Amino acid sequence: MSRPDEGAPANGADGRAPAHGPTGARRRAVAPDKRTRQPTEVRRRLILEAAVPLVIERGASRVGLRDIARAAGVSVGTVTYHFGGVREILSEAVSIEIDSYYRPLGERMLAAATAAEGLTTLIEGVFSAETDRHWRLWFDNWAADASLEPDSRQHRRYEEWSDRVAELIARGRDAGEFRCPDVAETTTRFNALVDGLALRRLRGAPPLSIEQARSHLRRFLAAELDLESSPA
């Protein structure tokens, strides 16, 4: 004789796993009007937060919808209800990562007492023990599908970051801390150097330490801004 719950679907209508207690006994269902459902944005954020560590650990090409669903504790159907696929999840995760990485750093460097101190904050901020995670996710997103245009939100956030770097350089120039004939060009070259060093550090060919990466940036800014000595 089959049990009453035999053949029940693996997940409920809301995408959650079956409600079994520690002993395996099925819990009594909660009346629909008593259930607490998370808002759509909360569920999307939880799925994204579960996906990021997987992508960083395995790489985007080795992460599937089932992996993300398992990590988030929801069904595949719940994931596909909120996202069109792994590519969309990765794109949104990178947008969140860019925001959480660049915005606080920009605030710290612009709050420094002098532009020179702000440069030190900038250099130490783009390469630290915590930033490899950011760079790995960022480059994996690029490599996932090089034929796609950058996500508009990513593009906007990156432009905002470039504006903050330019603002810091212009502040130092206007204060007479250093010289810079073309702030926009210096900003472009600085960001390109950061991206190149980050890629080399992640590839490890040849190896590049955090301090070595910082040293390259110091020398670049010392030459570019006509500093008597590179920022410490």
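Refer to the structure above for everything that follows.
Please read all numbers here as calculations on a predicted model, not as lab measurements.

Colleague: Looking at this structure, how should I read the pattern of salt bridges?
Modeller: Two side chains with opposite charge may pair up if their charged atoms get near one another. Evaluated as defined, the whole model comprises 14 salt bridges. Asp 99 is the salt-bridge partner of Arg 157, the closest N and O atoms lying 3.8 Å from each other. In this pair, Arg 157 is assigned in helix H7 (residues 152-174) and Asp 99 in helix H4 (residues 86-110), connecting sequence segments 58 residues apart. A residue is classified by how much of its surface remains accessible, and Asp 99, at 22% relative accessible area, is partly exposed. Between Asp 132 and Arg 201 there is a salt bridge whose closest N-O contact spans 2.9 Å. Taken together, the positions of Asp 132 in helix H6 (residues 131-144) and Arg 201 in helix H8 (residues 183-203) put the pair 69 residues apart, joining distant regions of the chain.

Colleague: Just checking my understanding: could you explain the packing of aromatic side chains for this structure?
Modeller: Each aromatic ring pair is specified by the distance between its two centres and by the angle formed by the two planes. As enumerated under the stated definition, the model contains 7 aromatic pairs in all. On the numbers, 4.6 Å between centres and 35° between planes, the contact of Tyr 102 with Trp 161 is tilted. With Tyr 102 in helix H4 and Trp 161 in helix H7, this pair connects stretches of sequence that are 59 residues apart. Accessibility assignment for this pair places Tyr 102 and Trp 161 in one class, buried.

Colleague: Any chance you could explain empty space enclosed by the protein here in plain terms?
Modeller: Any empty space left between atoms is shown by rolling a water-sized probe over those atoms. Inspection of the entire model under this criterion finds 1 cavity of 30 Å³ or more. Around the largest cavity sit Tyr 102, Val 126, Trp 135, Tyr 158, Trp 161, Phe 190, Asn 191, Val 194 and Asp 195, which together line it. Taken together, the elements giving at least two residues each to the lining of the largest cavity come down to H7 and H8. The element best represented in the lining of the largest cavity is H8, accounting for 4 residues. Taken together, the residues of the lining of the largest cavity break down into 7 nonpolar, 1 polar and 1 charged.

Colleague: Please clarify how the nonpolar core should be interpreted in this entry.
Modeller: Burial of nonpolar side chains together is a common tendency in soluble globular proteins. Counting residues in hydrophobic clusters, the biggest one holds 54 residues, and the most contacted among them are Leu 122, Val 126, Phe 127 and Trp 135. Where this core is concerned, the elements lending two or more residues are helix H1 (40-58), helix H2 (65-72), H4, helix H5 (115-126), H6, H7, H8 and helix H9 (210-224). Of the residues forming this core, the biggest block, 9 residues, is contributed by H4. Discounting chain neighbours no more than four positions away, the residues touching Leu 122 are Leu 105, Met 109, Trp 161, Val 165, Leu 168 and Phe 190.

Criteria and cut-off values
Residues numbered from 1 in each chain as written. Predicted model: local features only at pLDDT ≥ 70, side-chain atom pairs only at ≥ 80, totals over all residues. Heavy atoms only, no water. Salt bridge = Lys/Arg side-chain N within 4 Å of Asp/Glu carboxyl O. Helix = DSSP H or I, 4+ residues; strand = E, 2+ residues; numbered from the N terminus. Buried < 20%, exposed > 50% of the residue type's maximum accessible area, 1.4 Å probe, protein only. Phe/Tyr/Trp six-rings, centres within 6.5 Å; stacked < 30°, edge-to-face > 60°. 1 Å grid on protein atoms, 1.4 Å probe; cavity = no way out; pocket = protein on both sides within 12 Å on 5 of 7 lines; lining within 4 Å. Points joined across faces, edges and corners; volume = space filled by probe spheres on them. Nonpolar A, V, L, I, M, F, W, Y, C, P; charged D, E, K, R; others polar. Core = buried A, V, L, I, M, F, W, Y, C linked by side-chain atoms within 4.5 Å. Contact = heavy atoms within 4.5 Å.

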